[in-house]
Amino acid sequence: MIFRKGLARQRGVTLIEVMVAVFVAAVGVLGAAAMQLNSLKYTDSSRMTSQASFIVYDIIDRIRANAADGVLDNYALSSIDAAPSSGSSVRAQDQIDFASNVRLLPDGAGSIVVDDTQVTVEVSWSEGRAGGNDDAGQVRRGAFAVTTQVKPMVLGGATP
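The following refers to the structure shown. (Residues numbered from 1 in each chain as written. Predicted model: local features only at pLDDT ≥ 70, side-chain atom pairs only at ≥ 80, totals over all residues. Heavy atoms only, no water.)

## Considerations on the overall build of the protein
Defined as follows: To qualify as a helix, a DSSP run of H or I must reach at least 4 residues; to qualify as a strand, a run of E must reach at least 2; elements of each kind are numbered from the N terminus. Under the scheme applied here, a residue whose accessible area is under 20% of the maximum for its type counts as buried, over 50% as exposed, and between as partly exposed, the area being computed with a 1.4 Å probe on protein chains only. In this analysis, two residues are considered to be in contact whenever any of their non-hydrogen atoms come within 4.5 Å of each other.
A count of helical and extended segments in the protein gives three helices and three strands. Counting from the amino terminus, helix and strand elements in the protein follow one another as α-α-β-β-α-β. Per-residue burial for the protein yields a buried fraction of 27% across its 160 residues. A separation of at least 24 residues holds for 51% of the contacts in the protein among residues at least 6 apart in sequence.

## Things to note about the pairing of strand S3 (residues 141-149)
Condition: Paired strands, in this sense, are two strands between which DSSP finds at least two bridges.
Going residue by residue along S3, you find Gly142, Phe144, Val146 and Thr148 tucked away on one face and Arg141, Ala143, Ala145, Thr147 and Gln149 left uncovered on the opposite face. In this sheet, S3 lies alongside strand S2 (residues 118-126) in antiparallel orientation, the contact comprising nine bridges. Directly across from Ser126, in S3, lies its bridge partner Arg141.

## Focus on the side chain of Ser53
Definition in use: Polar contact criterion, stated in full: a pair of N or O atoms within 3.5 Å, where within protein one must be able to donate a hydrogen and the other to accept it, and residues adjacent in sequence count only if both atoms are side-chain atoms.
Examined against the element boundaries, Ser53 turns out to sit in helix H1 (residues 5-65). A polar contact is formed between the side chain of Ser53 and the backbone oxygen of Ser50, at a distance of 2.8 Å.

## Describing the pattern of salt bridges
The test is simple: Whenever Lys or Arg places a side-chain nitrogen within 4 Å of a carboxyl oxygen from Asp or Glu, that contact is recorded as a salt bridge.
For the coordinates displayed, the defined rule picks out six salt bridges. Its salt-bridge partner being Asp44, residue Arg47 comes within 2.8 Å of it at the nearest N-O pair. You can see Arg47 and its partner Asp44 sitting in helix H1, three residues apart, about one turn around the helix. For Asp58, the salt bridge identified is with Arg62, shortest N-O distance 3.1 Å.

## So, the nonpolar core
Heads up, the condition is: Put simply, buried Ala, Val, Leu, Ile, Met, Phe, Trp, Tyr and Cys residues joined by side-chain atoms within 4.5 Å make one nonpolar core.
One finds Ile63, Phe98, Ile112, Val119, Val121 and Val123 to be the most contacted residues of the largest nonpolar core, which totals 26 residues. Residue contributions to this core peak at seven residues, all from H1.

## Quick notes on the pairing of strand S1 (residues 109-115)
Bridge analysis of S1 against S2 gives seven bridges, and the strand direction is antiparallel. Residue pairing across strands places Asp115 opposite Gln118, the latter belonging to S2. The hairpin turn running from S1 into S2, its antiparallel successor, is two residues long, and Asp116 in that turn takes a positive phi close to 60°.

Next up, the structure:
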């Protein structure tokens, strides 16, 4: 059998081409895996933000539905730990439900601030899975807050 010099060199170059192709494919697969992991993290973060918005708007709707004269100021809640332990009134049950919904979020915290007819509801939670840590090494927190005006009803159904 007679081999030519060019043919022998061609076999070695083919092996290098295969190795480069495998390397490029591996980098592509690793990049796709990293994108999938980021997608899962941000999906979780988005889900928490959506849940927090549902909780905030739920309590605002409850406050509006029960905002009779003299009741609105009683909705103030410095933290979810300050929520009543039993629902002896509609307001107390609303606060209990708000606190228990916020507790469903990871490391959830929340407050209701009432200033005359302005109501601010804030909910925050741990973003440990998606956000990582901040510059001080603390776990990042997500937050959702809404400030709105609530016009108290005068008992008897008429509004001033």
